[in-house]
Amino acid sequence: MTDHQLHPETWVDRYADYLFNYAVTRVSDAEIAKDLVQETFFAGLKSATNYKGTAAERTWLIAILKRKVIDYYRKINSNKGKAEVRMGYSSQMDADGDWLEEQVADPLSILENDDIENEELGLAIQECISKLPKKQSLVFTLKTIQGMDTEDICKELDINPSNLWVMIHRARTALMDCLNKNWF
């Protein structure tokens, strides 16, 4: 694994445009996006001693910017006490893999909001799962959360694998809709 170094003197030239484009697609306001990028650079400078070099410099800055976007939405939406982040899938991502269980906060992140974010997201997911039809909820929980084998679930619920995967797909779609309305 390559150890990366921080070069704050090059951040504006190398990453400002990329970070701005990332931010503006999430907040839909150029001025706010500029402020968030500026806050990201400042936070990066303040926490440079925490940088371990395991991630590329740009990846580390994006992680900081993600938290800044979340904080922005928390601030404007504080009366609900929820974070609202509009998810935008990049054209480079493979749409087949962009499911809910891959979008939870990174458990290895060193940033301070992870525990709060994970708890909030976990509560939001549980609330959305409770709104699913009973069998869909059960299949999703057994397969995705508890990690049971397809064969075991099919035997236990007396369904075929095709039916199981249709229920998983419908549950994922319903959960993403629910989370987009109630959490992101």
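- As recorded by an unreviewed UniProt entry, the chain carries the name RNA polymerase sigma-70 factor (ECF subfamily) and is attributed to Maribacter polysiphoniae.
- Under the UniProt heading Sequence similarities (unreviewed entry), the note attached to the chain is "Belongs to the sigma-70 factor family. ECF subfamily."

### What about the packing of aromatic side chains?
Okay, so step 1: Evaluated as defined, the whole model comprises four aromatic pairs.
Okay, so step 2: Relative to Trp60, the ring of Trp11 has its centre 6.2 Å away and its plane inclined at 55 degrees; by these criteria the two rings are tilted. In this pair, Trp11 sits in helix α1 (residues 11-27) while Trp60 sits in helix α3 (residues 57-76), placing the two residues 49 residues apart along the sequence. Note on accessibility: Trp11 and Trp60 belong to one class, buried.
Okay, so step 3: Plain terms: the ring middles of Tyr51 and Trp60 are 5.0 Å apart, the flat faces sit at 65 degrees to each other, and that makes the pair edge-to-face.

Criteria and thresholds
Residues numbered from 1 in each chain as written. Predicted model: local features only at pLDDT ≥ 70, side-chain atom pairs only at ≥ 80, totals over all residues. Heavy atoms only, no water. UniProt positions renumbered as here; feature names shortened; annotations may be inferred. Phe/Tyr/Trp six-rings, centres within 6.5 Å; stacked < 30°, edge-to-face > 60°. Helix = DSSP H or I, 4+ residues; strand = E, 2+ residues; numbered from the N terminus. Buried < 20%, exposed > 50% of the residue type's maximum accessible area, 1.4 Å probe, protein only.

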